[in-house]
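Here's the letter readout for the chains.
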Protein chains: 2
Amino acid sequence: MPHDLAGAGRLSASSLTADVSFLLARANALSFAAGNVALAAHGLRARSYSVLALAAGGIRPSQREIADFLRLDPSQVVALVDDLQRHGLVEREPDPVDRRANVVVATAAGRELYAEASADALDAEEELHGALDPAQRAQLAELLRIVAFPS
Amino acid sequence: MPHDLAGAGRLSASSLTADVSFLLARANALSFAAGNVALAAHGLRARSYSVLALAAGGIRPSQREIADFLRLDPSQVVALVDDLQRHGLVEREPDPVDRRANVVVATAAGRELYAEASADALDAEEELHGALDPAQRAQLAELLRIVAFPS
DNA sequence: TATTGTTATACTCTATAACTATA
DNA sequence: TATAGTTATAGAGTATAACAATA
């Protein structure tokens with residue numbers, strides 16, 4: 001069943017409608033805006049939330065790993081971790097096997113805030129993807145993983 | 001066949017991997033960057049290319065329609081159209097039935113540049129989606145249309 | 001009253017280069 | 001020689017408010 005592009009109006013006839021890059025950009029813009037609204041109540045934004053998620057996951061990532069995974073410049077990670085640390089949500093720990101590297105770990109307060117924020121973020125995502133059934137949502141995630149993490 | 005997140009390394013264990021918003025953001029960042037590289041040779045960027053695409057499609061969109069479709073603020077469209085017009089790629093025409101509105105149409109030069117640029121943009125997209133077969137690509141586009149244009 | 005285009009402004013995000021300390 | 005983190009800076013993108021002309 002093809003989608004009728006209800007929200008697109010007269011311009012749904014444009015060739016952009018077939019452009020995956022454009023669809024990706026528009027879907028991301030909606031998702032990003034809705035996510036930021038949901039996260040604002042917790043003093044977070046999309047980027048700081050992502051860093052907190054990695055720090056709270058028990059993986060003990062280095063700043064470099066965070067930069068690569070989130071596709072941020074390492075200097076941006078510095079600023080984001082600075083901000084989270086200032087709010088007592090994460091700590092920098094020296095990597096015992098590489099004294100150049102910092103491992104970023106969430107504090108107890110950070111883990112708690114992440115739990116609260118992620119619940120709201122998931123609610124916002126539900127809202128955004130309400131038109132997709134669970135199978136479609138899983139399929140979208142799978143296809144996006146392939147595009148987002150090319151071998 | 002599940003994807004192994006080859007590019008994600010150790011952090012593929014993170015819960016972000018299941019977060020469609022995050023995957024959308026990362027896929028879009030890659031797509032956006034690759035697109036801008038491809039478009040730079042033509043003096044365009046993702047946003048100005050999208051405006052040119054709408055102007056070159058024969059739809060005669062108003063600036064307001066462009067803003068809604070591309071999810072830009074109307075004031076951003078002013079700047080983008082200004083720039084394209086300065087380069088002789090589009091013209092503003094008064095809408096005969098609504099004197100408030102400007103209709104944006106591509107010039108001959110604009111249509112020609114769009115043809116060249118879109119070929120390169122499609123090549124870049126091929127590169128990005130090389131891991132997807134045609135059926136998967138069509139499926140991704142269909143799912144993204146539903147998310148990008150909610151009813 | 002509401003909408004289209006416009007100007008102005010501030011903020012966030014992104015990109016690049018250079019430096020330091022370690023490896 | 002290369003890599004992790006850091007600082008600094010400039011540019012691109014986003015968000016908001018206000019205004020004139022027109023509906």
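Everything below is about the structure shown above.
Residues numbered from 1 in each chain as written. Chains lettered and ligands numbered in written order. Predicted model: local features only at pLDDT ≥ 70, side-chain atom pairs only at ≥ 80, totals over all residues. Heavy atoms only, no water.

**Looking at the pairing of strand β2 (residues 102-106) of chain A**
All names here are of chain A.
Thinking step 1. Most of β2 is tucked away: four of the five residues are buried.
Thinking step 2. Examined bridge by bridge, strand β1 (residues 90-94) and β2 share five bridges and lie antiparallel to one another. Looking at the pairing, R92 lines up with V104 of β2. (Buried < 20%, exposed > 50% of the residue type's maximum accessible area, 1.4 Å probe, protein only. Helix = DSSP H or I, 4+ residues; strand = E, 2+ residues; numbered from the N terminus. Pairing = 2+ DSSP bridges.)

**Considerations on the relation of the copies chain A and chain B**
Thinking step 1. Aligned on chain B, chain A shows an RMSD of 0.0 Å; the corresponding rotation is 180 degrees and the shift along the axis is 0.0 Å. A rotation of that kind, with that shift, is consistent with a two-fold axis.
Thinking step 2. Comparing interface residues between copies, 100% of those in chain A also sit at the interface in chain B, which points to an isologous, same-surface contact. (Least-squares fit on C-alpha atoms with pLDDT ≥ 70 in both. Contact = heavy atoms within 4.5 Å.)

**Thoughts on the interface of chain A and chain B**
Thinking step 1. Listed by partner, the interface residues are 63 residues for chain A and 63 residues for chain B.
Thinking step 2. Interface of chain A and chain B: buried area, both sides summed, is about 6,200 Å²; carbon and sulfur atoms make up 68% of it.
Thinking step 3. Scanning the region where chain A abuts chain B turns up two salt bridges.
Thinking step 4. A salt bridge links R10 of chain A to E65 of chain B; the shortest N-O distance between them is 2.9 Å.
Thinking step 5. Put simply, chain A and chain B have 24 residue pairs in polar contact (both at pLDDT 80 or more) between them.
Thinking step 6. Of all the elements in the fold, those that place two or more residues in the side of chain A that touches chain B are α1 (20-40), α2 (46-55), α3 (63-70), α5 (108-128) and α6 (134-148) of chain A.
Thinking step 7. With 13 residues, α1 of chain A is the largest single contributor of residues to the side of chain A that touches chain B. (Buried area = accessible area lost by both parts, 1.4 Å probe. Salt bridge = Lys/Arg side-chain N within 4 Å of Asp/Glu carboxyl O. Polar contact = N/O pair within 3.5 Å; in protein donor to acceptor, adjacent residues only side chain to side chain.)

**A look at the protein's contact with DNA strand C**
Thinking step 1. Lining the immediate environment of DNA strand C, one finds 21 residues, of which R47 and D73 of chain A together with Q63, R64 and R100 of chain B sit closest.
Thinking step 2. Across the atoms of DNA strand C situated within 4 Å of the protein, the share located in sugar and phosphate is 66%.
Thinking step 3. In this structure, a phosphate oxygen belonging to DNA strand C sits 2.6 Å away from a side-chain N or O atom of R47 of chain A.
Thinking step 4. With respect to DNA strand C, the side chain of Q63 of chain B contributes an N or O atom lying 2.8 Å from a phosphate oxygen.
Thinking step 5. Broken down by secondary-structure element, the contributors of at least two residues to the surface near DNA strand C are α4 (74-86) of chain A together with α3 (63-70) and α4 (74-86) of chain B.
Thinking step 6. Considering each element in turn, the surface near DNA strand C owes the most residues, three residues, to α4 of chain B.
Thinking step 7. Here the surface near DNA strand C is built from residues that sort into five nonpolar, six polar and 10 charged. (Near = heavy atom within 4 Å. Nonpolar A, V, L, I, M, F, W, Y, C, P; charged D, E, K, R; others polar.)

**Some thoughts on the protein's contact with DNA strand D**
Thinking step 1. What surrounds DNA strand D is a group of 21 residues, the closest being Q63, R64 and R100 of chain A together with R47 and D73 of chain B.
Thinking step 2. Of what DNA strand D places within 4 Å of the protein, 65% of the atoms are sugar or phosphate.
Thinking step 3. R64 of chain A places a polar main-chain atom, nitrogen or oxygen, 2.4 Å from a phosphate oxygen of DNA strand D.
Thinking step 4. A distance of 2.7 Å is found between a phosphate oxygen of DNA strand D and a side-chain nitrogen or oxygen belonging to R47 of chain B.
Thinking step 5. Tallying contributions element by element places α4 of chain A first for the surface near DNA strand D, with three residues.
Thinking step 6. Grouping the constituent residues of the surface near DNA strand D by class yields five nonpolar, six polar and 10 charged.

**What to know about the pattern of salt bridges**
Residues and elements named next belong to chain A.
Thinking step 1. As enumerated under the stated definition, the model contains 14 salt bridges over all chains in all.
Thinking step 2. We note a salt bridge from E142 to R145, for which the minimum N-O separation is 3.5 Å. Here E142 pairs with R145, and both are found in helix α6, just three residues apart, close to one helical turn.

**Regarding unusual backbone geometry**
Thinking step 1. The phi torsion at R60 of chain B lies on the positive side, around 55 degrees, for a residue other than glycine.
Thinking step 2. Of note, R60 of chain B is situated in the loop between α2 (46-55) and α3.

**Focus on α3 of chain A**
Thinking step 1. When we look at burial in α3 of chain A, the residues that qualify are Q63, I66, A67, F69 and L70 of chain A.
Thinking step 2. Close packing links the buried residues of α3 of chain A with α2, α4, β1 and β2 of chain A together with α1 (20-40) of chain B.

**Concerning the packing of aromatic side chains**
Each aromatic ring pair is specified by the distance between its two centres and by the angle formed by the two planes.
Thinking step 1. Evaluated as defined, the whole model comprises eight aromatic pairs over all chains.
Thinking step 2. Considering the side-chain rings of F69 of chain A and F22 of chain B, the 5.2 Å spacing of their centres and the 25 degrees angle between planes classify their relative orientation as stacked. One end of the pair, F69 of chain A, is in helix α3; the other, F22 of chain B, is in helix α1, on a second chain. The same class applies to F69 of chain A as to F22 of chain B, namely buried.
Thinking step 3. Pairwise contacts between aromatic rings join F22 of chain A together with F69 and F149 of chain B into one cluster. (Phe/Tyr/Trp six-rings, centres within 6.5 Å; stacked < 30°, edge-to-face > 60°.)

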